[in-house]
Amino acid sequence: MPGVMMSVNYHSHDRSGNYVAWDYSYNLLQSVGPNGILFTNGDNDTFPLWYLQEVENVRKDVAVVNLSLLNTPWYIKQWKEARPADTKFINLSDNQVDAITSRLQRWEEKKVQVPVKNDPQNDKGYIEWTLKPTFAGQALRVQDIMILRIIKDANWRVPIYFAVTVSQSNRIGLDSYLDMQGLTFQLKSHKTDPVDQQMMYKNLMTQIGPDEWSTDFSIGEFRSDDKNNYNDWSRDYKPGYMFRNLGNDKIYYNDQIIRLLQNYRSAYMQLAVTYYMDYQNEKRKKEPDDLLLSDLSSKSVAVLDQMRFNIPEESIPITSEDLHYQVARLYGDLDRKDSMKDILEDLIIMEGVSPTNKVEYANVYYRELNDAETAIGILSDLQNDYFQIENLIKIQGMSSTSTNSWKRWQKAFPDIVSSLVYIYKSTNQNNEAEGVLVEWLSRFPNDSNAKKLLEEVKDREFIGYSYDGADASFELLARRVMGEIPRYILIKEYDVSVKKNNLGEIVSSAKAQLEV
């Protein structure tokens, strides 16, 4: 029996080649400046860091302060004696520690201040923020009191960071003074932007090790003295992250690890979006700087590309459909249509995608990629799927599908139909558009708006009206018939004639009487 269990489950239990804990801990430690204080949340973002510090001698200058343990007197006392005077960050006596940890401190929402010295970006001489109760709406936990105390006692002599795994509620309202640096938020002595672009770019875009480490890492190379051909790792402070074997499809990564690795993607996306927003702001100026636009666009795309190289979607799936779509839209807006198309192809076949989202993706194929054929194919498949589900419900009742799923399909069906009609008409496939409208009216014969739309479409076909060359014309027509756009003019009479002149040339003329 044990042999059978091992043979069946060996792949999912084999940890050889899996360096996620080592690398994540290394990258987190290297996100902290010299002698910095790093607040961590729980076991997974604390114990591996301690291993690297105590066993591998990596970044022993960093104080990894676990917030859960910071509620206990022995842990606080341990830290208050751990550093020399110049980097010490807890100035409390043992009696004061015992008093703080013996009870909760009653607290009402109020502003608190910490003094600041020698910061040219802070002319007030302090940072100030609103601190709300963190326990039962009426008290502060010990860890919250200690965070506040550590900030004051450190007195800006050493940098202070929160790991990204620390929830916003555990950052005691300091968000206006925290900027993201990669896997950490650094506390600044002045109000700051949410992202420190310079440090975040240095951390995320400085690749440690050669490209081969992503797909076929060898431990022999890691310990080798021959480091001339790539940027090597360091036991001392050195910005740059490692992503060993994340592109190796032979390594098993469970769901918990995949969730943890989304923190990397979140950091890359934060940086890419920051560059993108700067790009959009510059683009909206009356006289935008073309060189700056090019630089911001290139940086945003480079960050996305590096993210997809370091954390490949084939081996580490993107668990958030919305995040995957955001990546696609960024690529599209920055004129990387091929990358946008690659991601859309993955999204369309992704399990669990709602019909409403598939309609959105179909419209992106048409609007952004000028691919009407694929868009129509997606929408037609959705329409057929709707018909099949509907028929099953008629035959078998609601036992054939869940109520919530059917409601989602019913909600999406009008968008499926309207998108199909719009794309058909925009690509001059008038018969197909009429077919969709006729089918819709067979279901909803009292839909007066659809009747008007169909009649108006037929009228325009009869007089030779073409929608070609006017991308929005049918959309405007549809919107007007549906009552979204008012009639500003009325055509009372019109006459169109086509004749040959004396030279044999075809001449067309049109007359119209309008009522404004």
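In what follows, the structure referred to is the one given above.
Let me begin by describing the structure that accompanies this report.

Turning next to the packing of helix α9 (residues 255-283) against helix α11 (residues 321-333). The N-to-C vectors of α9 and α11 enclose an angle of 30°; their axes lie 11 Å apart at closest approach. Taken as axis vectors, α9 and α11 run roughly parallel relative to one another. By crossing handedness, the relation of α9 to α11 is classed as left-handed. Only Leu323, Gln326, Val327, Leu330 and Asp333 of α11 make contact with α9, whose side of the interface consists of Arg265, Met269, Ala272, Val273 and Tyr276. Partitioned by chemical class, the residues of the contact of α9 with α11 number seven nonpolar, one polar and two charged.

Our focus in this paragraph is helix α16 (residues 430-443). Given a rise of 1.5 Å per residue, 14 residues ought to cover 20 Å, and the 20 Å separating the end C-alpha atoms of α16 matches this to within 8%. When α16 is considered as a whole, its buried residues turn out to be Asn430, Ala433, Glu434, Val436, Leu437, Trp440 and Leu441. In an axial view of α16, the angular spread of the buried residues amounts to 160°, which keeps them on one side of the axis. Exposed residues lying more than 90 degrees from the buried face of α16 are Asn431 and Ser442.

Attention shifts here to the sheet that holds strand β8 (residues 178-180). With respect to topology, five strands assemble into an open sheet ordered β2-β1-β7-β9-β8, the strand pairing being mixed. Either end of the sheet is taken by a strand with one partner, and the two such strands are β2 (63-66) and β8. For this sheet, the mean inter-axis angle between neighbouring strands, taken without regard to orientation, is 30°.

Following the sequence through the fold, Tyr253 ends up in the loop between α8 (219-222) and α9. Along the backbone, Tyr253 and Arg15 are 238 residues apart, and their C-alpha atoms lie at a distance of 8.9 Å. Here Tyr253 is in contact with Gly17, Asn18, Val20, Arg244, Asn245, Leu246, Asn248, Ile258, Ser315 and Ile316, once residues within four sequence places are set aside. A distance of 2.7 Å separates the side chain of Tyr253 from the backbone oxygen of Asn245, its partner in a polar contact.

Further remarks concern α11. Counted at 1.5 Å a residue, the expected span for α11 with its 13 residues is 18 Å, and the 18 Å between its end C-alpha atoms agrees. Those residues of α11 that fall on the buried side of the exposure criterion are Glu321, Leu323, His324, Tyr325, Val327, Ala328, Leu330, Tyr331 and Gly332. Considering only its buried residues, α11 is in contact with α9, α10 (290-310), α12 (337-349) and α13 (355-367). Positive backbone phi, approximately 65°, marks Asp335, located one or two places after α11.

Right, let's get into the packing of aromatic side chains. For any pair of aromatic rings, the description rests on two quantities: the centre-to-centre distance and the angle between the ring planes. A full pass over the atoms with the stated rule returns 22 aromatic pairs. Considering the side-chain rings of Phe243 and Tyr268, the 6.5 Å spacing of their centres and the 45° angle between planes classify their relative orientation as tilted. With Phe243 in the loop between α8 and α9 and Tyr268 in helix α9, this residue pair connects regions lying 25 residues apart in the sequence. Relative accessible area serves as the criterion here: at 7%, Phe243 is assigned to the buried category. Here Tyr386 and Trp406 contribute two aromatic rings whose centre-to-centre distance is 5.2 Å and whose plane-to-plane angle is 25°, an arrangement assigned as stacked.

Rules and cut-offs
- Residues numbered from 1 in each chain as written.
- Predicted model: local features only at pLDDT ≥ 70, side-chain atom pairs only at ≥ 80, totals over all residues.
- Heavy atoms only, no water.
- Axes fitted to C-alpha atoms, helices over the stretch in contact; angles between N-to-C directions.
- Helix = DSSP H or I, 4+ residues; strand = E, 2+ residues; numbered from the N terminus.
- Parallel < 35°, antiparallel > 145°, perpendicular 65-115°, else oblique.
- Left-handed = near helix turned anticlockwise from the far one by under 90°.
- Contact = heavy atoms within 4.5 Å.
- Nonpolar A, V, L, I, M, F, W, Y, C, P; charged D, E, K, R; others polar.
- Expected span 1.5 Å × (residues − 1).
- Buried < 20%, exposed > 50% of the residue type's maximum accessible area, 1.4 Å probe, protein only.
- Arc of directions from axis to C-beta.
- Pairing = 2+ DSSP bridges.
- Polar contact = N/O pair within 3.5 Å; in protein donor to acceptor, adjacent residues only side chain to side chain.
- Phe/Tyr/Trp six-rings, centres within 6.5 Å; stacked < 30°, edge-to-face > 60°.

Keep in mind these numbers describe shape, not what the thing actually does.
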